[in-house]
Structures are given as structure tokens and as C-alpha cells.
Amino acid sequence: MKKVGYYNKLQRHGYVFILPTLLFFSIFLIIPMFNAFQLSLFKWNLVGPKIYVGLENFIRLFKNERFWNSYLVTLHFTFLTVIIITFISFWIALALTSKLLRFKNVLQSMIFLPVVLMMVPVAVVWQFMFQTTGLLSVIFVNVFRFNIPWLTSTKITPYAMILVYVWKYTGFYMVMFIAGLLGIPEVYYESATLDGAGFWARLIHITIPQLKNTLILMLVSCIIFTFGTFPLQYVMTEGGPSRSTEVLALLIYKEAFMYIKFGYSAAISVVFFLTLLIFSVIQLRIFKSGTT
Amino acid sequence: MKKASLFRVLLLLLASVFLVTAGGQKEGAAKEEKIRIVHFHHTQPPFDEIHLNAAKSFMTKYPNVEVKFLMYADADLPTKVRTALVAGSEIDTFNIGSFQSTWFMENRLVEEIMPSAFGKQTVQEVIDMWEKDAIKKTGGFYEGKYYGLPSEMSNYAAWINIAHMREAGLNPETDIPKTWGDFVDVAKKMTKDEGGVRVRNGFAINLKASVFPFLILHSLMEQKGLDWGTEDGLFASLDTKEVVEALTTFTNWATKDNIFDPGLFDNEREGFGNGLTSTFLTGGAWYWGVLDEYTVPREDVTPFRYPRYKDGKDIGGVVYGYSSFVTKQARNKEWAWKWLDHFLSHPELDIVHGNYQPRKTLDPTLADKYIPNNDVFGYERQHGAIILASTKFNEIQDAVGEAVNRVVFRGISNEESIRILKKEVKSISE
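The shown structure was predicted, so the numbers you read here are calculated from the model rather than taken from an experiment.

Looking now at the overall build of chain B. Helix and strand counts for chain B stand at 19 helices and 13 strands. For the C-alpha atoms alone, the extent of chain B along its principal axes is close to 85 × 60 × 45 Å. Relative to its 430 residues, chain B shows a buried fraction of 47%. Intrachain contacts of chain B at a sequence separation of at least 6 include 72% that bridge at least 24 residues.

Here is the structure:
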């Protein structure tokens, strides 16, 4: 009886400790989220009365070519970026946990450094580098004898965005993979080596299965953060050239703060949220079914 | 024991909260004796110091008034003002560009002019303190009523680097372009490529910010006889061949004439100031003050009249401006208008740096004295295109900017781009 009372007391204290965080998330995350759901059913220009329009905002956006352009631009950006980041950060993490590599700490710090930089100055500097007389252009012209229209081609600029994003965030996911790799018991590799397993066999049968939870976390967080990309496109291209880099977050911003259509903007953000929710649920189910 | 400690902690917290709020009330009580005016303005060196000094001199003249002068980047100011108004924050007066002011007037967020604050009997007497039609041109007039007072009236002129002209074998006395055809010919000669890389544009415009191509196109359209001063006029124009001709003039600069490579830089005012472009079309008289911040010296540049079409109307660059308003939520409206009267009563200080305020107290000889080539700006002001007045200005301007970008970056034809623009403008109007 005394033990039960003591644990109940501990639990109450636990709630007290997490209360500030719960309050913070409720005020700045949960309540605004429900507010956005509600606002998506209204037409509102910020100063006049909210006019209930039901699903009209959703009907309009599903008929709007600009919305679909942004949606596809965002999917394209997310899909490619996540694949590239996953691939590069995994291999870098593998190399940095290898016993053969020297100066691991220095390399790790250098690769992680872009993560701690703010995206806005990063975007400004890369923008200068991408200009016709910028560093990258000078290198390409002098070494490869041709120039790339990094920010003035609707076909190339989306990949320029991916390049900058991958450069900036690979270090973050590399650290996740390193943590995951260091958590794999060494004894598995020793047994496998004794049984004659080579590098690829160890990788496929030990490393990757053991990294499953890390991979789930990495993919879900990478997809969520990448899908919501905004400052990179806002600073470097403002969605140009010709809306080829106008991601959903940028469209939401423009509809709300430039065109003063808060209801319509909220409807786009609801679609944004539902897309990410569906992605996350599908991913979790795939990995969960893999486990069973 | 533990309960006693908890009680003491809670008591201490309550006492602190009480002290803070009591101190705040005391401070608030002290502040209530002074009339407080909070003014929002865009930052624009070198005028910022002049404006802050105006606030200081007002407070010296009226010690019972406190003016808080807040400055924000021009592009951010409309959002800041809207947010402050909606949140009920402190905002008594603000200054905003004519592109944005219609929204505030239509949504009844600003006060009509109060003649008594100016020592006048009627609104017309206040209007007569400024040049004819100045308030309309600078965005202070809407649906028959006057709400704003001009702090700046500007118009775009074309600018050219005469050092580049000489370098290209052109004579600045005789070769200044008069038609759009001349403009392309001259710009072509001044365009420079090195090793296949563009190092100097003959002409430049910032295509990232759709307002700039929109404003140039606005003039081209008006020169073609189209009405881009109203939403209905703009929509009706999209069915004409003239709209395609005007758009083609613009897009050819990048796609056919090759005088403009958008990859060289974004900001054409900066590019011109650093010698990276030989001409641009989005500078007012205020640009003289801005140019002084860059490497190209004043003696190497000259403004000139916007080129015209050979068979087009005599219309120059757009006339626009900034106006100051009193908000509906201003706590003391009469003092707010008095402050604006004071703030706008020293046009002779702004003119030194090329900013023209159309108040009748401004000595007309000062404009000639301080604005080099004022004859160009004066003529263009008389023949300038009046900017589109619409609460959907931002959306329409973006759609027009995208019409240009589709042709320049995607290779779509001008006709097809206009067809898509028509669809977008129709959707915006619904």
C-alpha cells in the first residue's frame, strides 16, 4: 500500500515537471493547429469578419494549378533530398565509425559545422556563389569550360536548392547514424567475421537491420523537416525562376501575408499537415510490419 | 517542513509579481500624463536621420507629447502595420507606399483627414496645401475621400551610365535612346561578355520581385493605349494584340536582344551602382542619394525620359508615392494629425537627397538645385502612368511578374503567357 502511494506520488510529480513543456506545446503548437483547421473553413482578410465558406477553400485549391505546382515541387525536393541525405550520411557515418579512418573527430566536426549555421546567411552566401560571376561559375568555366545557369534555369535551380540543403543537413543525420552504429554490439560483427561473412554480408545482415529504429527516426524527421523547407527558397529564389522552386511553405506564406487570404492559406496548410501525417503513418506501418 | 518551504516560495513569488505590476502601473500612470504617438515608417538611408530629427523637434515643441518612431524594411512594413492593427498594438500613424495603401483605406483602418488639426475648416483647404492631384497620385485618396498625406511623390525615370556609352563609342549628347528600338540598340553596344560569361548587362531588372517588371510593363501597356490604372481596364486589355506587343518588348530584352542576363545579379539598383549594368528603369530622383552609397560616381550617370513607342502615347515611368495615415485606433487623433503635419512640413530637408515631397511650401527652385536633371523628372512626372489602385495589387502584380518569367525562363510564347495570365487574373478577381 505504501509502495503504491509512493509511485502515485512520483507520477504526480512527473506531471508537474512536464507541465511547462505541455503548456508550451499547447499554446504554440496544438492550439494554433486546431485554429488553422478551423480557419481553413472560413474566408478571412485579417481585419474583417470571418465568413464561413465550408470546403470552398479546399475546392479552390484542388482546382488551382499553382497549388499543384507547389505540391509537386515540394514532393520532388523532398523525395530527392531525403534519398541523397540518407545515402550520403549513412556512408559518411559508416566511414567515421570505421577503425581504419584517421582524424575522425576533425572530419566529423567539419561535416557537422554547416548544421549549426543559420539557413539565411547560408542561402545568401550560396546565392553569391551561384551567380554568373560567382565562385561556382568561375570554377566551372575555368575547369570544365562551360557555365551552369544555377539560379536562372527552371530545370537546374531545383537541384541547386537540393545541393545547398544536402550540404547543410547531411551532418545532422550523420550524427544520428553514428549514434545508431555505435549502439550495435561488436560481438555480432565478431561472430559474423568468424563465420566468414565479408563486408557486404555484414552490412546487409547485421548493420542495416540493427539500424532499423535509427532509420525510421531519420526518415520520418528528414521527410518532415524537408517537406517544410522555407528559408532556403525564400532567400535564394523567392520561388523562382518561374515558380520552379515555389514550395508549399512559401505558397502558404505568400497567400497569407502577401495576398491576405488567411482562410485559403490555412486550407493549404491543412493539406500540408495531412500529407505529412499520411507519410509518417505509412512509414511507421512499413517498418512495423517488417519487424513482425 | 517541506510544506513550509513551499509556502515561503509561493509567498515570495506572489510578492515579486505584486511589486512588478505595481511598478508597471506607476510607470503607466506617469506615462499617461504624456500623449504618446507611435509611428511606423520604412527605413531608407539617408532619410532616416531626417525623420528621427523631425520626431525630436516635435517633442521639443510639444513637451507633453512623446513620439516613438519605428522603422522597418520597406518590403516588411505592410505586414508589420497589418499585424499591429489586427493585434490592437500601439500604432497611431504610419507611412505606406501607394501600391499598398488601398487595402488599408478599403478596410476602413485609417481616418479621414481632420482639418482642425491643421488649423483649417475644410478637408479641401488641407488638400490645397499640396500640389494638385498629389494626394491621389501618392495613394491617399479612395472612393471620394482623402485619408493620407504625401511624404514622397516619385516617378521612375530611365538611367544610363554615360561612361559605358563612351566606352562603347556612343555619344551621351546625341545617343540617349528615345524609342524602345533605340534603347535596345544602345544597350546591346554596352553589353559585355568575357569568355562566354556575361560580366555587364546592357539592361537589368529584378525578376525575383514581381513589382519591378510589373511597374515597367505598366508603363509599356499605357504607352500602347491600354488602361492598367484599374482592375477592369487591366483585365480588358488582356484580349488585345497591344498587350502581347508590350509584353514581347519586355521579354525580348532577355530572350532575343540578349541585353539582360538575370543570372548576373538580382538587384538592378545595386547592379547599376556597381557598374554591372549600363541601364535600368526603376529609379526615381531619390536614386541620386542611393547611388552615393555605391562605386559609380554621379558624373558617370544620367537619368533620361523613358523611351516611347514610335506610334505610342507620350507616357513615362509610373508615378507613385508614399503617404502618411492616422489609424482608426489612434488614441489621440488630433495630436496624431498634428504630428503628421509637423513631420511633413520640412520638404526642403528631404529634397537635398533627392526626395520630392509635393507640399506647396517647397521652394520650387530647390528641386532644380538639388535634383540633378530635375527637368527629366519634372517632365516624366507630368506624363507618368498612374499606378493601379487595387486591394488585390500584390496578387495581380505577382501574376504579371510570372507572365514575364514564364517567357524568360520556360520559353513559353508571349501569347500563351498572356492567355495563362488572363486565367489567373480572372481567378484573382473572383
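Secondary structure assignment for chain A yields 13 helices and 2 strands. By its C-alpha atoms, chain A is 80 × 70 × 30 Å across when sized along the principal axes. Here chain A holds 292 residues, and 28% of them are scored as buried. In chain A, the share of contacts with a sequence separation of at least 24, taken over all contacts with a separation of at least 6, comes to 68%.

Right, let's talk about the pairing of strand S6 (residues 149-155) of chain B for a bit. In summary, the side chains of a regular strand alternate between the two faces of the sheet. Residue and element names in this part refer to chain B. Among the 7 residues that make up S6, 7 are buried, leaving the element largely enclosed by the rest of the structure. Relative to strand S12 (residues 316-326), S6 is paired through 6 bridges, and the arrangement is antiparallel. Across the sheet, Glu-152 pairs through a bridge with Tyr-322, a residue of S12.

This brings us to the packing of helix H9 (residues 211-223) of chain B against helix H18 (residues 393-410) of chain B. All names here are of chain B. Relative to each other, H9 and H18 sit at 85°, their axes nearing to 8 Å. Taken together, H9 and H18 sit at an angle that is classed as roughly perpendicular. Residues Val-211, Pro-213, Phe-214 and Leu-217 of H9 pack against Gln-397, Val-400, Gly-401 and Val-404 of H18. Of the residues in the contact of H9 with H18, the class split is 6 nonpolar, 2 polar and no charged.

On to helix H17 (residues 374-382) of chain B, then. Residues and elements named next belong to chain B. What H17 keeps buried is the set Asn-374, Val-376, Phe-377, Glu-380 and Arg-381. The buried residues of H17 occupy one face: seen down the axis, they fall within an arc of 155°. Where the residues of H17 are buried, they touch S6, strand S7 (157-161), strand S11 (301-304), S12, helix H16 (364-370) and strand S13 (384-386).

Take the interface of chain A and chain B next. Buried accessible area, meaning the area lost when the parts come together, often serves as the stated size of an interface. On the chain B side, the residues contacting the 22 residues of chain A number 25 residues. Those elements that provide at least two residues to the side of chain A that touches chain B are helix H6 (135-144) and helix H12 (248-258) of chain A. Grouping the constituent residues of the side of chain A that touches chain B by class yields 9 nonpolar, 11 polar and 2 charged.

With that settled, the discussion passes to the domain arrangement of chain B. Residues and elements named next belong to chain B. Each assigned domain of chain B is listed with its residue range as follows: domain 1 (33-152 + 320-371) and domain 2 (157-319 + 388-429). A C-alpha centroid distance of 30 Å is found between domain 1 and domain 2. If you look at the interface, domain 1 gives 12 residues, while domain 2 gives 11 residues.

Here the focus is helix H4 (residues 104-116) of chain A. Here H4 of chain A is 13 residues long and its end C-alpha atoms lie 19 Å apart, about the 18 Å a rise of 1.5 Å per residue gives. Its maximal kink placed at Met-110 of chain A, H4 of chain A deviates by approximately 25°, while the proline Pro-114 of chain A follows within four residues.

Turning our attention to unusual backbone geometry. Across the junction of Gly-240 of chain A and Pro-241 of chain A, the peptide omega takes the value -5°, indicating a cis bond. Here Pro-241 of chain A lies in the loop between helix H11 (231-236) and H12. Its identity is not glycine, yet Ile-260 of chain A carries a phi of approximately 55°, on the positive side. Residue placement: Ile-260 of chain A occurs in the loop between H12 and helix H13 (262-291). A residue is classified by how many C-beta atoms lie within 10 Å of it, and Ile-260 of chain A, with 23 of them, is buried. Although it is not a glycine, Arg-108 of chain B adopts a positive phi angle of roughly 55°. Locating Arg-108 of chain B in the fold gives a position in the loop between helix H4 (101-106) and helix H5 (123-127).

Next up on the list: the sheet that holds strand S10 (residues 279-283) of chain B. All names here are of chain B. The strand order S10-S7-S11 describes an open sheet built from 3 strands, whose pairing is antiparallel. On the outer flanks of this sheet lie S10 and S11, each paired with one strand and no other. With direction set aside, neighbouring strand axes in the sheet form an average angle of 30°. Taken together, the 3 bridges between S7 and S10 define a ladder with antiparallel strand orientation. Paired with Ala-157 across the two strands is Gly-283, which belongs to S10.

Right, let's talk about the environment of Pro-115 of chain B for a bit. All names here are of chain B. Position of Pro-115 relative to the elements: it lies in the loop between H4 and H5. Between the C-alpha atoms of Pro-115 and Val-126, which are 11 residues apart in sequence, the distance is 6.3 Å. Not counting residues up to four positions away in its chain, the partners in contact with Pro-115 are Lys-120, Gln-121, Thr-122, Val-123, Glu-125 and Val-126.

This brings us to the pairing of S12 of chain B. All names here are of chain B. For S12, the buried fraction is high: 11 of the 11 residues fall into the buried class. Bridging between strand S3 (residues 93-97) and S12 involves 5 bridges; their strand directions are antiparallel. Note on S12: the bridge partner recorded for Phe-94 is Phe-325. Across 3 bridges, S12 lies against S13 in parallel orientation. Residue pairing in the sheet places Val-319 in a bridge with Ile-386 of S13.

Turning our eyes to something else, we now look at the confidence of the model for chain B. Residues of chain B with pLDDT of at least 70 account for 95%, and the chain-wide mean is 91. Counted against residues more than four places away or in other chains, residues 26-31 of chain B, with its pLDDT under 50, gives 1 contact.

With that settled, consider the packing of helix H3 (residues 65-96) of chain A against helix H10 (residues 212-227) of chain A. Residues and elements named next belong to chain A. Look at H3 against H10: their axes get within 9 Å of each other, and the N-to-C directions meet at 140°. Taken together, the axes of H3 and H10 lie oblique to each other. In this structure, H3 meets H10 at a crossing whose hand is right-handed. Residues Thr-74, Phe-77, Thr-78, Thr-81, Val-82, Ile-85 and Thr-86 of H3 touch H10, and the partners they reach there are Met-218, Leu-219, Cys-222, Ile-223, Thr-226 and Phe-227. Residue composition of the contact of H3 with H10, by class: 8 nonpolar, 5 polar and no charged.

Attention now goes to the environment of Lys-313 of chain B. Residue and element names in this part refer to chain B. The residue Lys-313 is located in the loop between S11 and S12 in this model. The exposure class of Lys-313 is partly exposed, given the 13 C-beta atoms found within 10 Å. Not counting residues up to four positions away in its chain, the partners in contact with Lys-313 are Glu-222, Gln-223 and Gly-225.

Cut-offs used in this document
Residues numbered from 1 in each chain as written. Chains lettered and ligands numbered in written order. Predicted model: local features only at pLDDT ≥ 70, side-chain atom pairs only at ≥ 80, totals over all residues. Helix = DSSP H or I, 4+ residues; strand = E, 2+ residues; numbered from the N terminus. Buried ≥ 20, exposed ≤ 12 C-beta atoms within 10 Å, placed from the backbone. Contact = placed C-beta atoms within 7 Å. Pairing = 2+ DSSP bridges. Axes fitted to C-alpha atoms, helices over the stretch in contact; angles between N-to-C directions. Parallel < 35°, antiparallel > 145°, perpendicular 65-115°, else oblique. Nonpolar A, V, L, I, M, F, W, Y, C, P; charged D, E, K, R; others polar. Arc of directions from axis to C-beta. Domains from an automatic or database assignment. Expected span 1.5 Å × (residues − 1). Bend = angle between axes of the 7 residues up to and from the residue. pLDDT = per-residue confidence, 0-100. Left-handed = near helix turned anticlockwise from the far one by under 90°.

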